[in-house]
Amino acid sequence: ETANSNASRNDSLQQLLSIVAIVFIPSLACLLACLLTFSLVARNHTINSNSTRFEAEVNMTDYDLGLLDDDDYKVKVLSTKLLGIAEVFMYRLPSKSKTPFKAEDWPLTKPLQCVSLRIERRGNQLLLIFTYSQDDRPGSKSKLFALCTIDIVSKDKPMSHYVEDVVDSTRYFVIRVTDEKAGREAQIGLGFREREEASDFRTALAKYEADIGKERAERALQMANQ
């Protein structure tokens, strides 16, 4: 009788486990699928929001950049966008800073401004355009924070005059920003959140230098053949 009772309990337990497996396992799978879908939707929404905000920031005209007062920019030149990064950080350099620069000397936890970066070639110049928005809403108007005008052709200065690596990090640089109207220059710190973004920044600068070198060689060849 005891053996029959144990067998009966085992049969009941097996039936209960079967019911649990049939009812709850599909429900659990459905719940996990819903959570995964929600996560992907949220991620896509964030990406789309950032993309929308960045598109609003990069669609700036010469008037927005304050360049229309410069005669050089009244002449239409070929414009080529090389890179766009939605979020970089600008830092005020400590007083008496000089090369070689170290990022550890900067107030890294208190950036001067969080900005967007657009790198654009216009003629022989490479523009590093830093913009910011006081309102994070999509479509809000961006303002120019700083402009670095790199010209290794007419001014005959090396890239290191405009952009300098720090010695203690691969994500931070010192750039020379320009005030086109006042004709003044100043150095300011630039930082990237990710090393990949810093690498893309270097690649864009290297491409500009390589393209200028190639164009110089082609012009020299053309003159030699005349």
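The structure under discussion appears in the preceding block.
Here the structure is a predicted model, which means the values were calculated and not measured. (Residues numbered from 1 in each chain as written. Predicted model: local features only at pLDDT ≥ 70, side-chain atom pairs only at ≥ 80, totals over all residues. Heavy atoms only, no water.)

Draft legend 1. Examining the overall build of the chain more closely. A count of helical and extended segments in the chain gives 4 helices and 7 strands. Going from the N terminus to the C terminus, the chain shows its helices and strands as α-α-β-β-β-β-α-β-β-β-α. For the chain, buried positions account for 30% of its 226 residues. By sequence separation, contacts in the chain at least 24 residues apart represent 62% of the contacts at least 6 residues apart. (Helix = DSSP H or I, 4+ residues; strand = E, 2+ residues; numbered from the N terminus. Buried < 20%, exposed > 50% of the residue type's maximum accessible area, 1.4 Å probe, protein only. Contact = heavy atoms within 4.5 Å.)

Draft legend 2. Looking closely at the side chain of arginine 121. If you trace the backbone, arginine 121 turns up in strand β2 (residues 113–122). In terms of polar contacts, arginine 121 uses its side chain to reach the side chain of glutamate 215, at 2.8 Å. (Polar contact = N/O pair within 3.5 Å; in protein donor to acceptor, adjacent residues only side chain to side chain.)

Draft legend 3. Summary view of unusual backbone geometry. Between threonine 99 and proline 100 the backbone carries a cis peptide bond, its omega angle lying at 0°. Looking at the element boundaries, proline 100 is found in the loop between β1 (79–91) and β2. Even without a glycine there, the phi angle at aspartate 156 is positive, about 55°. Along the chain, the position of aspartate 156 falls in the loop between β4 (143–150) and α3 (159–162).

Draft legend 4. The pairing of β1, seen in detail. Here β1 pairs with β2 via 9 bridges, running antiparallel. Across the sheet, residue phenylalanine 89 finds its bridge partner in β2, namely cysteine 114. (Pairing = 2+ DSSP bridges.)

Draft legend 5. Layout of helix α4 (residues 195–225). An ideal rise of 1.5 Å per residue puts 45 Å on 31 residues; α4 measures up with 45 Å between its terminal C-alpha atoms. Regarding α4, the residues found buried are Ala198, Phe201, Ala204, Leu205, Tyr208 and Ile212. (Expected span 1.5 Å × (residues − 1).)

Draft legend 6. Quick peek at the nonpolar core. The biggest cluster of nonpolar side chains holds 30 residues, and the ones touching the most others in it are Leu128, Phe130, Ile150, Val163, Phe192 and Phe201. If you list the elements that add at least two residues to this core, you get β1, β2, β3 (125–132), β4, α3, β6 (172–179), β7 (184–192) and α4. Top contributing element to this core by residue count: α4, with 6 residues. In this view, isoleucine 150 contacts Asn124, Gln125, Leu126, Leu128, Met159, Tyr162, Val163, Leu205 and Tyr208; residues no more than four positions away in its chain are not counted. Core analysis: the next-biggest nonpolar cluster, separate from the first, contains 9 residues, Phe89, Phe101, Trp106 and Tyr172 among them. (Core = buried A, V, L, I, M, F, W, Y, C linked by side-chain atoms within 4.5 Å.)

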